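# Inside the fold
The lines below spell out each chain.
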Amino acid sequence: MRRKLEACESAGWTLQIRLGFPLRSRGGHCARVHGGGLLVAGSRPRFQIASRSAGKSACAMAAYRAGQEIEDEAYGKVHDYSRRGGVLHSEILAPDHAPQWTRDRASLWNAVEASELTKSGDLKVKAQLAREIVVPLPHELGFEQNREMLREWIAEQFVSRGMVADYAMHAPDREGDNRNHHAHVMLTVREITSEGFHEKKATPTARSWNQTEMLEQAVDRWAAIQNRELERAGLDVRVDFRSFEARGIDREPEQHEGVAVTSMKRKGQQTRVGEANQERRDRNRERASRHMKALHELASLEEQRAKFEDWKARQIEAQESERTFDMLDLEREQTREALEHEERLQAFYGPALATVQAEHDHLKTKVDGRGFTLSLRRLWRGQKDRDELANLRQTIEGTKARIADARQKVDAAHALAREELAELHRQRDEQYRRKLDEAQKRKEEALRAKAEAAAREAFETRQRQKAEREEAERAEYEQHQKAEQQSRDRQETREEDQGTRRHTEQQDNAANDNGQGWLSRVMGKALDNSGASDSEKRQIADKLDTVRDARQQWRDERRARLMKEAEKPPAQDKAKDRGPDYEP
């Protein structure tokens, strides 16, 4: 049953144990999230039930976790763990209305054991004695911070609801991980009153402790308290109890390796949980390798896309540079042509225009001049000079108009040439950009096809690994069922053999007793009728006693040998039968 429970829990199912903590797995592991993006694996608090059916004793558990001596009144034993090391601090937190004796560890857990009795005073075999929480503590914080943090969480989440909490803080094992600071919290399962534990176990208050929402709230609150203290300490590390799936991490959670599994691994022995975790680590390593390959492929695709964009930008820049150079060459050519045209105009019209302009200026001076001689000239040649001056002005203006018209024609031709060049560049740019867009489209299609092929391959790999994992789990489950059936068959065979041996032994004893009695009676009659002396009778009786003692000794040795063979366990893998929660 325990293995099935572990398999369901590791698969992420939600289980509700009657009158116990609801077990729920949200990925198995949490993570400490650093500011730099590094995820450091950790564990969320583990909740479990201590019951007599699992061979648990509340007094023994409390004594071991607190490292002290407790007399177990229910079993008449003394659990002495006072020499145990590694216990940093132990304390009992109880509600205000609880009796004073609940602050004493021995009195508290002996009262818990005494409350789980039948009406006849016998022990309830299937009684649930306590809830236990194994709480990993952040190794980045000191002892005082962890103690105050743990005390606040226990008082807020459990003692305030009416539970009595007995917690002990443990240091890391010398042979294990030196970061494994943790605490064990034992909680009572019955409601406590001012008179003691309630007679009824399933009171409304006690039933409310079994709700999944309370468990999730306690776990989330523990993460919040840790993150608050880590932030106060100025540490760039945070705790996240969400599952791998909720955090978008493609990783398979591992099963918790308990005390027994860890001890067996240190001795070099193979365990079912250890082998399963190793297989999961191998699969996680394959997942990481696959994702690393995908990241490299994505980086390669992005690099190729960046190279193409860079090449495209360079091609566009080269096209623009070519267009600029073509325009500069055209402007340079047009400037040269304009200068040559201006020189031709000056050579053709310049001298004549200058001569006519000089004549016009000279005649205008005479016409506009003052004096007696110029006055006589105006009277004599006034009209003729004015007509000649108008003719010269008209000639000059016409020549200038023709020069301006010639310049305008050259400018219009140059503007038309520039427009034609710009249109040619525009058409060329459109054609070139069309080619670049087509090249980019082909490149994107190739990259997309490559990415889809990689994603398809990764998906097929995940599906194949999932099918293989399911097949392996199915085979493991069938093997486990077969092993359990074989174990039951061996147990039934042993019980039948023991019953047969006991029956045979009883028959042998009865036969021997009957044989010895008959022999004694026969020999007694034979001696009485033989006429032997008393000394001879005593010698014969002594010899009979010696034979009887030897036969009794042989029967005792045979009985001891049969009992030893019956009690001898069958040859099998004890590590697989014990499970991860086995405690020696």
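Predicted model, so just to flag it, every value in this text is computed and none were measured. (Residues numbered from 1 in each chain as written. Predicted model: local features only at pLDDT ≥ 70, side-chain atom pairs only at ≥ 80, totals over all residues. Heavy atoms only, no water.)

## Comments concerning the overall build of the protein chain
Counting its regular elements, the protein chain contains 11 helices and 12 strands. Buried residues in the protein chain amount to 33% of all 584 residues. Across the protein chain, contacts joining residues at least 24 apart in sequence account for 69% of those joining residues at least 6 apart. (Helix = DSSP H or I, 4+ residues; strand = E, 2+ residues; numbered from the N terminus. Buried < 20%, exposed > 50% of the residue type's maximum accessible area, 1.4 Å probe, protein only. Contact = heavy atoms within 4.5 Å.)

## Observations regarding the environment of Phe-308
For Phe-308, the location among the structural elements is in helix α8 (residues 272-368). We classify Phe-308 as buried; its relative accessible area is 12%. Considered as a pair, Phe-308 and Ala-439 are 131 residues apart in the sequence and their alpha carbons are 9.3 Å apart. Residues contacting Phe-308, with those up to four places away along its chain left out, are Leu-436, Ala-439, Gln-440 and Lys-443.

## Looking at a negative patch on the surface
The grouping of Glu-275, Glu-279, Glu-470, Glu-473 and Glu-476 at the surface amounts to a negative patch. If you list the elements that add at least two residues to the negative patch, you get α8 and α9 (372-530). The topology assignment puts Glu-275 in helix α8. Since its relative accessible area comes to 32%, Glu-275 is described here as partly exposed. (Patch = residues over 30% accessible without salt bridge, like charges linked within 9 Å, V, L, I, M, F, W, Y side chains within 5 Å. Areas by Shrake-Rupley, 256 points an atom, 1.4 Å probe, with all protein chains shown as cover. Salt bridge = Lys/Arg side-chain N within 4 Å of Asp/Glu carboxyl O. Lys, Arg positive; Asp, Glu negative; His and termini not counted. Charge placed at Lys NZ, Arg CZ, Asp CG, Glu CD.)

## Details of the packing of helix α4 (residues 143-157) against helix α6 (residues 212-232)
Packing of α4 against α6 brings their axes to within 10 Å, and their N-to-C directions diverge by 150°. Between α4 and α6, the crossing angle belongs to the class labelled roughly antiparallel. Our pair here, α4 against α6, has a crossing hand that is right-handed. Contacts between α4 and α6 pair Met-149, Leu-150, Glu-152, Trp-153, Glu-156 and Gln-157 from the former with Gln-217, Ala-218, Arg-221, Trp-222, Ile-225, Gln-226, Arg-228 and Glu-229 from the latter. Among the residues forming the contact of α4 with α6, the class breakdown is 6 nonpolar, 3 polar and 5 charged. (Axes fitted to C-alpha atoms, helices over the stretch in contact; angles between N-to-C directions. Parallel < 35°, antiparallel > 145°, perpendicular 65-115°, else oblique. Left-handed = near helix turned anticlockwise from the far one by under 90°. Nonpolar A, V, L, I, M, F, W, Y, C, P; charged D, E, K, R; others polar.)

## Some details on the environment of Gln-255
One can find Gln-255 in the loop between β12 (237-240) and α7 (259-266). A relative accessible area of 16% means that Gln-255 is categorised as buried. Between the C-alpha atoms of Gln-255 and Arg-280, which are 25 residues apart in sequence, the distance is 9.2 Å.

## Overview of the pattern of salt bridges
Here the structure, examined in full by the defined rule, presents 32 salt bridges. For the salt bridge of Arg-151 with Glu-91, the shortest nitrogen-to-oxygen distance reads 2.9 Å. Taken together, the residues span a long stretch of sequence, with Arg-151 in helix α4 and Glu-91 in strand β8 (residues 87-93) at a distance of 60 residues. Between Glu-144 and Arg-147 there is a salt bridge, and its shortest N-O distance comes to 2.5 Å. Of this pair, Glu-144 and Arg-147 both sit in helix α4, 3 residues apart, which is roughly one turn of the helix. Looking at Arg-147, the relative accessible area reads 17%, which means it is buried. Salt bridges here are not isolated pairs; linked through shared partners, they connect Glu-152, Glu-156, Arg-221, Arg-228, Glu-229 and Arg-232.

## Considering the sheet that holds strand β5 (residues 46-51)
Across the sheet, which stays open at both edges, the 5 strands sit in the order β5-β9-β11-β10-β8 with antiparallel pairing between neighbours. Two strands lie at the open edges of the sheet, namely β5 and β8, each paired on one side alone. This sheet shows a mean twist of 20° between the axes of neighbouring strands, independent of strand direction. The pairing of β5 with strand β9 (residues 128-136) spans 6 bridges and is antiparallel. (Pairing = 2+ DSSP bridges.)

## Comments concerning the pairing of strand β7 (residues 77-80)
As paired elements, strand β6 (residues 69-72) and β7 share 4 bridges and run antiparallel to each other. Looking across to β7, one finds that Glu-71 is bridged to Val-78. Between β6 and the antiparallel strand that follows it, β7, lie 4 residues; Gly-76 among them carries a positive phi value of about 70°.

## A word on the confidence of the model for the protein chain
Summing up the model confidence of the protein chain, the mean pLDDT is 78 and the portion of residues at 70 or higher is 79%. pLDDT under 50 marks residues 31-42. Its contacts with residues more than four places away, or in other chains, come to 33 contacts. Note that pLDDT drops below 50 for residues 570-584; the model gives that stretch 28 contacts with residues more than four away or on any other chain. (pLDDT = per-residue confidence, 0-100.)

## Some thoughts on α4
Note on helix geometry: an α-helix contains 3.6 residues per turn, so any two residues three or four positions apart are oriented the same way. Between its first and last C-alpha, α4 extends 21 Å over 15 residues, near the 21 Å set by a 1.5 Å rise per residue. Here α4 has its buried residues at Asn-146, Arg-147, Met-149, Leu-150, Trp-153, Ile-154 and Gln-157. In the core, the buried residues of α4 are packed alongside β8, β9, β10 (165-170), β11 (182-188) and α6. (Expected span 1.5 Å × (residues − 1).)

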